[in-house]
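Summary of structural features
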Amino acid sequence: MATDIQGLRKYELPQLPYKIDGLEPYISKDIVDVHYNGHHKGYVNTANTLLDRYNGIIKGDVTSYDLHGLIRLLTFNISGDKLHTLYWDNMAPSGKGGGSPGGVLGDKINKQYGSFDKFKKLFTEAANSNPGTGWAVLNYDKETDNLQIMTVENHFMNHLAEMPVILILDEFEHAYYLQYKNKRADYVGNWWNIVNWDFAEKKLQQYL
Ligand code: MN
């Protein structure tokens, strides 16, 4: 549960929804350990440290600061927590994920893309074309009632404010390098085996 320090609620690292080796062989235990206990925890802790500083500015206790730099780092770290929480929840332990979605999501994918295989091909191409560090995402736009494949650079997901994330793939090197080295496309290809479509369906249902 979030705690309250100096009048601001803090971020907390969420529980991993499976064991640390639950995604093997597609994503190794070592990667999940570093990614969750190292990177994700780091974003949470840094967000809280920055919030303390930000709160100090609000209260007038901190009078020398670089607001632009602080807000940029705060954005990076809070978004880092949100994006990673979605990423973990969007995967299921080996043997319990993968396949293709049913439900409303399956219907929408078939209607919009013609088939799941076509959607999978396009999402994979988008992921593989994403330069540098970022994310491949499937968003839902209520305005058009359309699913939309998009990419996120770094952690700056502000443009997704009105387009909730239904499906998300972390493409930072820390997400695959220990196991896949520079073969990012192999990581992307294997990730389909552990997608948690039930979670994606639940996310979509929240916004319909
Ligand atoms: Mn990551």
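The structure presented is a predicted model; accordingly, all values stated were derived computationally and were not measured.

1. A short note on the packing of helix α1 (residues 29-59) against helix α2 (residues 67-89)
Across the interface, α1 lies against α2 with an axial gap of 9 Å and an inter-helix angle of 140°. Here the hand of the crossing between α1 and α2 comes out left-handed. A per-class count over the contact of α1 with α2 returns 18 nonpolar, eight polar and two charged.

2. A short note on the coordination of the manganese ion
Those donors, His-35 (NE2), His-84 (NE2), Asp-170 (OD) and His-174 (NE2), are the protein atoms that reach the manganese ion, and they lie 2.0 to 2.2 Å from it. Of note, the donors binding the manganese ion are all from one chain and are spaced H-x48-H-x85-D-x3-H. With relative accessibility at 0%, the residue Asp-170 sits in the buried group.

3. Overview of the nonpolar core
Tyr-87, Phe-119 and Phe-123 are the most contacted members of the largest nonpolar core, which has 48 residues in total. Not counting the four nearest positions on each side in its chain, Tyr-87 is found in contact with Ile-27, His-35, Trp-135, Ile-168, Leu-169, Asp-170, Ala-175 and Tyr-187. Ala-47, Ile-57, Val-62 and Leu-70 belong to the second largest nonpolar core, which has eight residues in total.

4. Considering the packing of helix α4 (residues 116-129) against helix α6 (residues 184-191)
Packing of α4 against α6 leaves a shortest axis separation of 10 Å and a crossing angle of 150°. Of the possible angle classes, the one that applies to α4 and α6 is roughly antiparallel. Considering how the two elements wind past one another, α4 and α6 form a crossing that is right-handed. Every residue of α6 that contacts α4 at Phe-123, Thr-124, Ala-127, Asn-128 and Ser-129 is listed here: Arg-184, Ala-185, Val-188 and Trp-191. Across the contact of α4 with α6, the residue classes break down as five nonpolar, three polar and one charged.

5. Here's the deal with unusual backbone geometry
Note that the residue after Glu-24, namely Pro-25, is joined by a cis bond; omega there is 5°. Phi at Asp-145 takes a positive value of approximately 60°, unusual for a residue other than glycine. Within the secondary structure layout, Asp-145 lies in the loop between β3 (134-141) and β4 (146-153). Not every positive phi belongs to a glycine, and Lys-181 is a case in point at roughly 50°. Within the secondary structure, Lys-181 sits in the loop between α5 (177-180) and α6.

6. Comments concerning the domain arrangement of the protein chain
Along its sequence, the protein chain is organised into domain 1 (29-89) and domain 2 (103-205). Inter-centroid distance (C-alpha atoms) of domain 1 to domain 2 is 23 Å. With 16 residues of domain 1 in contact, the opposing surface of domain 2 contributes 19 residues. Area buried by domain 1 at its contact with domain 2 is led by Ile-31, Leu-83 and Tyr-87, which between them contribute 38% of it. Along the contact surface separating domain 1 from domain 2 lie zero salt bridges. At the junction of domain 1 with domain 2, the criterion picks out eight residue pairs in polar contact (both at pLDDT 80 or more). For the side of domain 1 that touches domain 2, the secondary-structure elements that each account for two or more residues are α1 and α2. In terms of residues, the side of domain 1 that touches domain 2 owes the most to one element, α2, which gives 10 residues. Split by residue class, the side of domain 1 that touches domain 2 holds seven nonpolar, six polar and three charged.

Thresholds applied
Residues numbered from 1 in each chain as written. Predicted model: local features only at pLDDT ≥ 70, side-chain atom pairs only at ≥ 80, totals over all residues. Heavy atoms only, no water. Axes fitted to C-alpha atoms, helices over the stretch in contact; angles between N-to-C directions. Helix = DSSP H or I, 4+ residues; strand = E, 2+ residues; numbered from the N terminus. Left-handed = near helix turned anticlockwise from the far one by under 90°. Nonpolar A, V, L, I, M, F, W, Y, C, P; charged D, E, K, R; others polar. Donors = N, O, S within 2.8 Å, 3.2 Å for Na, K, Ca; no water. Buried < 20%, exposed > 50% of the residue type's maximum accessible area, 1.4 Å probe, protein only. Core = buried A, V, L, I, M, F, W, Y, C linked by side-chain atoms within 4.5 Å. Contact = heavy atoms within 4.5 Å. Parallel < 35°, antiparallel > 145°, perpendicular 65-115°, else oblique. Domains from an automatic or database assignment. Buried area = accessible area lost by both parts, 1.4 Å probe. Salt bridge = Lys/Arg side-chain N within 4 Å of Asp/Glu carboxyl O. Polar contact = N/O pair within 3.5 Å; in protein donor to acceptor, adjacent residues only side chain to side chain.

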